[in-house]
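This is what each chain is made of:
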Amino acid sequence: MIKSKQHSGNPVFRFLQLFQRGGKRLFQIVEGLADAAFGAQNNPFFYLGGLTFFFLIVLTVSGFYIYAFYDANIAGAYASIERITHEQWYLGGVMRSIHRYAGDAMVVTMVLHMLRRFFNDRYNGGRSFSWITGVPMLWFVMITGLLGYWLVWDKLAQFIVVRSFEWLDWLPIIAEPMARNFLTDATLTDTLFRLVMVTHLGLPLFLLAAVLLHTNRLHKPKILPPRSLAVGTMLALLVLSIIKPALSQAPVDMSVSPGVVDLDWFYLAAYPLVVIWPAAVVWAFIGGGTLALISLPWLPPRKRAPAAVVDLATCSGCNLCEIGRAHV
């Protein structure tokens, strides 16, 4: 926990301290229940980072399978996904559902992993590098998921594309508003579609490398969960995919507003804000939140302890001050 007499009166310090204590206690209760249900060796809360990496592997394998049957063009994208889902439901449809639910689960384990690290005060000091590199990885995962929904090319994809570019148009990057390119079917090109597909395939490979950087300074990191936990997790994904398969919404029609769409709240929780808030406010909210997370290892600012002063009149020559200086 955050411990410092120097900041006992700092309101930021006091808030973080109370928040950590409450969160740590909550995790202890949940972890105790998980211990009783799964046993200490397979407690998922002890392997949140490993489960995140496991879900990334599942996403990569299932994604490349779906890609083998996918038509990367505007005319054939939706139809190819429908063929995979319905005509090959016993394998292609299951793979698509596993891909969907593994993506949702990855977001959950990443967020829980970060919260557990924070509540247990394992995000600063020697672990600050892992914390700082972990925050951008979360956003890379979110972007990869959004691009994946784009490739389905249904009404949800239309909603994501139009709202995303309306939000991006607030940035002074391109003079012409990019959202205009998505007003009609005639303005869309297969080249852009293929670029989205390549980016969606490339980001998970980048994340695989980022995991090595993220764990580089940790001693014996748990990169993968135990085999029994991995098998049980995979079976849970399989059962969920059979009971509630992932399905597309209606196909894209740029001449008609998407209307009501079924959101995936794990990836699209910010999009209602894009609809009801001005773009500048959304940028400030998300950008400020990201900077706050990255800065967390240094909040509140910690003052250096005053340097030791040797009083020669009372010095006994024990050399303890020199030994202490050597270990700083």
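Each value, and the rule that gives it
- Residues numbered from 1 in each chain as written.
- Predicted model: local features only at pLDDT ≥ 70, side-chain atom pairs only at ≥ 80, totals over all residues.
- Heavy atoms only, no water.
- Helix = DSSP H or I, 4+ residues; strand = E, 2+ residues; numbered from the N terminus.
- Buried < 20%, exposed > 50% of the residue type's maximum accessible area, 1.4 Å probe, protein only.
- Contact = heavy atoms within 4.5 Å.
- Areas by Shrake-Rupley, 256 points an atom, 1.4 Å probe, with all protein chains shown as cover.
- Expected span 1.5 Å × (residues − 1).
- Phe/Tyr/Trp six-rings, centres within 6.5 Å; stacked < 30°, edge-to-face > 60°.
- pLDDT = per-residue confidence, 0-100.
- Axes fitted to C-alpha atoms, helices over the stretch in contact; angles between N-to-C directions.
- Parallel < 35°, antiparallel > 145°, perpendicular 65-115°, else oblique.
- Nonpolar A, V, L, I, M, F, W, Y, C, P; charged D, E, K, R; others polar.
- Core = buried A, V, L, I, M, F, W, Y, C linked by side-chain atoms within 4.5 Å.
- Salt bridge = Lys/Arg side-chain N within 4 Å of Asp/Glu carboxyl O.
- Polar contact = N/O pair within 3.5 Å; in protein donor to acceptor, adjacent residues only side chain to side chain.

**Quick look at the overall build of the protein chain**
Of the regular secondary structure elements, the protein chain holds 12 helices and zero strands. Along the protein chain, helices (α) and strands (β) appear in the sequence α-α-α-α-α-α-α-α-α-α-α-α when read from the amino end. Across the 328 residues of the protein chain, 40% fall into the buried class. Looking at the protein chain alone, contacts between residues at least 24 apart form 77% of all its contacts between residues at least 6 apart. Accessible area of the protein chain: about 19000 Å², with a carbon and sulfur share of 68%.

**Notes on the environment of Leu171**
Position of Leu171 among the secondary structure elements: in the loop between α6 (155–168) and α7 (190–214). Look at Leu171 and you get partly exposed, because its relative accessible area is 22%. Between the C-alpha atom of Leu171 and that of Ala280, which follows or precedes it by 109 residues, the distance is 8.8 Å.

**With respect to helix α5 (residues 128–152)**
The terminal C-alpha atoms of α5 lie 38 Å apart, and with 25 residues this matches the ideal 36 Å at 1.5 Å per residue to within 8%. Across the 25 residues that make up α5, a large majority, 19, are buried. Note on α5: the residue one or two positions beyond its end, Trp153, has a positive phi of about 60°.

**What about unusual backbone geometry?**
The phi dihedral of Asp121 is positive, around 60°, even though this residue is not glycine. Residue position: Asp121 is located in the loop between α4 (89–119) and α5. Positioned with a positive phi, Trp153 is a non-glycine residue whose angle comes to about 60°.

**Comments concerning the packing of aromatic side chains**
Counting across every chain of the model gives 17 aromatic pairs. When the ring of Phe118 is compared with that of Tyr123, the centres are 5.1 Å apart and the planes differ by 45°; the resulting orientation is tilted. By relative accessible area, Phe118 is classed as buried at 5%. A residue is classified by how much of its surface remains accessible, and Tyr123, at 0% relative accessible area, is buried.

**So, the confidence of the model for the protein chain**
Averaged over every residue, the pLDDT of the protein chain is 86; the share at 70 or more is 88%. Averaged over each element, pLDDT in the protein chain is lowest for helix α12 (residues 320–326) (57) and highest for helix α8 (residues 227–243) (96).

**Some thoughts on the packing of α5 against helix α11 (residues 279–295)**
Angle between the axes and distance between the axes are the two parameters that describe a pair of packed helices. It is the contact of α5 with α11, at a shortest axis distance of 9 Å, that shows an interaxial angle of 150°. The orientation of α5 relative to α11 falls into the category roughly antiparallel. Counting all contacts with α5, which are made through Trp131, Ile132, Val135 and Trp139, the residues of α11 involved are Ile286, Thr290, Leu293 and Ile294. For the contact of α5 with α11, the residue count by class is seven nonpolar, one polar and no charged.

**Notes on helix α2 (residues 48–68)**
For α2, built from 21 residues, the straight-helix expectation of 30 Å at 1.5 Å per residue is met to within 8% by its first-to-last C-alpha distance of 31 Å. Counting buried positions along α2 gives 15 out of 21 residues, so the element sits mostly inside the fold.

**A few points about the nonpolar core**
Within the largest apolar cluster, 48 residues are counted, with the highest numbers of intra-cluster contacts made by Phe55, Ile160 and Leu268. Every element with two or more residues in this core is listed here: α1 (11–38), α2, α4, α5, α6, α7, α8 and α9 (265–268). For this core, the element with the most residues is α4, which contributes 11 residues. Those residues within four positions of Phe55 in sequence are excluded, and the remaining contacts are Ala102, Ala105, Met106, Thr109, Thr233 and Leu237.

**Things to note about the pattern of salt bridges**
Between side chains of opposite charge, a pair can form as their charged atoms come close. Taken as a whole and assessed by the stated rule, the structure comprises five salt bridges. Note that Arg163 and Glu166 form a salt bridge whose closest N and O atoms lie 3.1 Å from each other. In this pair, Arg163 and Glu166 both sit in helix α6, three residues apart, roughly one turn of the helix. Taking relative accessible area as the criterion, Arg163 reaches 27% and is therefore assigned partly exposed.

**Quick look at the side chain of Ser164**
The topology assignment puts Ser164 in helix α6. A distance of 2.5 Å separates a polar atom in the side chain of Ser164 from a polar atom in the side chain of Tyr271.

**Observations concerning the environment of His214**
Looking at where His214 falls in the secondary structure, it is placed in helix α7. Apart from residues no more than four positions distant in its own chain, His214 is found in contact with His113, Ser130, Thr133, Gly134 and Met137.

**Remarks on the side chain of Asn43**
Examined against the element boundaries, Asn43 turns out to sit in the loop between α1 and α2. With relative accessibility at 0%, the residue Asn43 sits in the buried group. Polar side-chain contacts of Asn43 include one of 2.9 Å to the side chain of Asp35. In this structure the side chain of Asn43 is engaged in a polar contact, spanning 3.0 Å, whose partner is the backbone nitrogen of Phe45. Excluding residues within four positions of it along the chain, Asn43 makes contact with Glu31, Ala34 and Asp35.

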